[in-house]
Amino acid sequence: MRTLLILNDPPYGTERTYNALRLAHALLKLEPAGGLTVFLMADAVVAARKGQKTPDGYYNVERMLKRVLSGNGNVLLCGTCMDARGLLAEEVVEGARRSTMDELAAETVSADKVLVF
């Protein structure tokens, strides 16, 4: 089953991004070959910034995204949202990539389930 997770919230300050990535990990564990895409929009694009430093004992969404990528998931970032926040392609986690609304539309059509956080 192909699943698309669309994240909108910033990586810290609310727990929506954290909980979406927890779900992504559980889905990859349950169905490793199922096809999972995480699409980061709005303030969620900064979740993919590499080099995040968080206090000990606090979750780190950079590490969580790397885990999605290492589990054969895809991480796509809205290019317009990146531009609006001054986030450059070379500043994001390796394996995550800039994307478009056209690609999001294609992912949406091909997904069996779409979940929005």
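Here we come to the overall build of the protein chain. The helix and strand inventory of the protein chain stands at 4 helices and 5 strands. Listing each helix as α and each strand as β along the protein chain from the N terminus yields β-α-β-α-β-α-β-α-β. Relative to the globule expectation of 13 Å for 117 residues, the C-alpha radius of gyration of the protein chain, 13 Å, shows essentially globular dimensions. Out of the 117 residues in the protein chain, the part that is buried amounts to 42%. Sequence separation of 24 or more characterises 72% of the internal contacts of the protein chain that already satisfy a separation of 6 or more. Charge centroids of the protein chain, computed over 14 positive and 14 negative side chains, lie 5 Å from each other.

Right, let's talk about the packing of helix H1 (residues 16-30) against helix H2 (residues 61-70) for a bit. In the contact formed by H1 and H2, the axes pass within 10 Å of each other and the chain directions differ by 25°. Taken together, H1 and H2 sit at an angle that is classed as roughly parallel. Like other packed secondary-structure pairs, H1 and H2 cross with a definite hand, here left-handed. For the pair formed by H1 and H2, the contact residues are Thr17, Tyr18, Leu21, Arg22, Ala24, His25 and Leu28 on the first element and Val61, Met64, Leu65, Arg67 and Val68 on the second. The class makeup of the residues in the contact of H1 with H2 is 8 nonpolar, 2 polar and 2 charged.

This part covers the nonpolar core. Val38, Leu40, Val75 and Leu77 are the most contacted members of the largest nonpolar core, which has 35 residues in total. Those elements that place two or more of their residues in this core are strand S1 (3-7), H1, strand S2 (36-40), H2, strand S3 (74-78) and helix H3 (79-84). The leading source of residues in this core is H2, at 5 residues. In this structure, Val38 is in contact with Leu5, Leu7, Leu21, Ala24, Val68, Asn74, Val75 and Leu76, ignoring residues within four places of it in sequence.

Considering the arrangement of structural elements, one finds Glu62 in helix H2. Within the structure, Glu62 has its side chain in polar contact with the backbone nitrogen of Gln52 (distance 2.8 Å). With near-sequence residues (within four places) excluded, Glu62 lies in contact with Ala47, Arg49, Lys50, Gly51, Gln52 and Val93.

Conventions used here
- Residues numbered from 1 in each chain as written.
- Predicted model: local features only at pLDDT ≥ 70, side-chain atom pairs only at ≥ 80, totals over all residues.
- Heavy atoms only, no water.
- Helix = DSSP H or I, 4+ residues; strand = E, 2+ residues; numbered from the N terminus.
- Rg over C-alpha atoms; globule rule 2.2 N^0.38 Å.
- Buried < 20%, exposed > 50% of the residue type's maximum accessible area, 1.4 Å probe, protein only.
- Contact = heavy atoms within 4.5 Å.
- Lys, Arg positive; Asp, Glu negative; His and termini not counted.
- Charge placed at Lys NZ, Arg CZ, Asp CG, Glu CD.
- Axes fitted to C-alpha atoms, helices over the stretch in contact; angles between N-to-C directions.
- Parallel < 35°, antiparallel > 145°, perpendicular 65-115°, else oblique.
- Left-handed = near helix turned anticlockwise from the far one by under 90°.
- Nonpolar A, V, L, I, M, F, W, Y, C, P; charged D, E, K, R; others polar.
- Core = buried A, V, L, I, M, F, W, Y, C linked by side-chain atoms within 4.5 Å.
- Polar contact = N/O pair within 3.5 Å; in protein donor to acceptor, adjacent residues only side chain to side chain.

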